[in-house]
Amino acid sequence: MLEYLLATLILIGAFFTLVGSIGLFKLPDFFMRLHGPTKATTLGVGAILLASALYFSLDKDGVSLHEILVTFFLFITAPVSAHLMAKAALHIKIKQIDKTRNSID
């Protein structure tokens with residue numbers, strides 16, 4: 001049963017990471033592209049790290065803190081870095097498409 005749970009978490013993580021990567025490649029401007037790695041990819045890497053933490057915690061006698069710490073730092077730093085990149089892009093006036101410009105106003 002544990003193998004099915006771990007496989008499901010890994011597949012969910014791989015799916016969201018793929019969707020985030022495709023979004024980074026396909027979306028038309030910087031502000032839309034910013035959502036790919038910060039939203040979907042963070043969720044994907046989080047699911048993969050959760051699967052790894054479960055596997056190594058149940059395989060050994062203690063809780064696997066390495067994966068938990070990496071997940072914690074990922075969830076803290078991804079929104080902060082995305083916010084800083086968006087603020088910097090607004091400050092230097094990076095070109096936006098009309099659809100993005102209208103949704104900000």
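Residues numbered from 1 in each chain as written. Predicted model: local features only at pLDDT ≥ 70, side-chain atom pairs only at ≥ 80, totals over all residues. Heavy atoms only, no water.

Student: Account for the packing of helix α1 (residues 2-26) against helix α3 (residues 35-59), naming residues and giving values.
Tutor: Across the interface, α1 lies against α3 with an axial gap of 7 Å and an inter-helix angle of 160°. As far as their axial angle goes, α3 and α1 are roughly antiparallel. Both α1 and α3 take part in a crossing whose hand is left-handed. Residue composition of the contact of α1 with α3, grouped by class: 21 nonpolar, seven polar and no charged. (Axes fitted to C-alpha atoms, helices over the stretch in contact; angles between N-to-C directions. Helix = DSSP H or I, 4+ residues; strand = E, 2+ residues; numbered from the N terminus. Parallel < 35°, antiparallel > 145°, perpendicular 65-115°, else oblique. Left-handed = near helix turned anticlockwise from the far one by under 90°. Nonpolar A, V, L, I, M, F, W, Y, C, P; charged D, E, K, R; others polar.)

Student: Can you explain the packing of α3 against helix α4 (residues 65-91)? Please cite residues and give values.
Tutor: As a packed pair, α3 and α4 sit with axes 9 Å apart at the nearest point and diverge in direction by 170°. Judged on the interaxial angle alone, α4 and α3 are roughly antiparallel. Between α3 and α4, the contacting residues are T38, T42, V45, G46, L49, S52, A53 and F56 on the first element and E67, I68, V70, T71, L74, F75, A78 and A82 on the second. A breakdown of the residues in the contact of α3 with α4 according to their chemical character gives ten nonpolar, five polar and one charged. (Contact = heavy atoms within 4.5 Å.)

Student: Describe α1, listing the residues and the values that go with them.
Tutor: Residues that lie three or four places apart on an α-helix share one face, since the helix turns once every 3.6 residues. Counted at 1.5 Å a residue, the expected span for α1 with its 25 residues is 36 Å, and the 36 Å between its end C-alpha atoms agrees. Turning to α1, its buried residues number three or more, namely L6, L9, G13, G20 and G23. Contact partners of the buried residues in α1: α2 (30-33) and α3. (Expected span 1.5 Å × (residues − 1). Buried < 20%, exposed > 50% of the residue type's maximum accessible area, 1.4 Å probe, protein only.)

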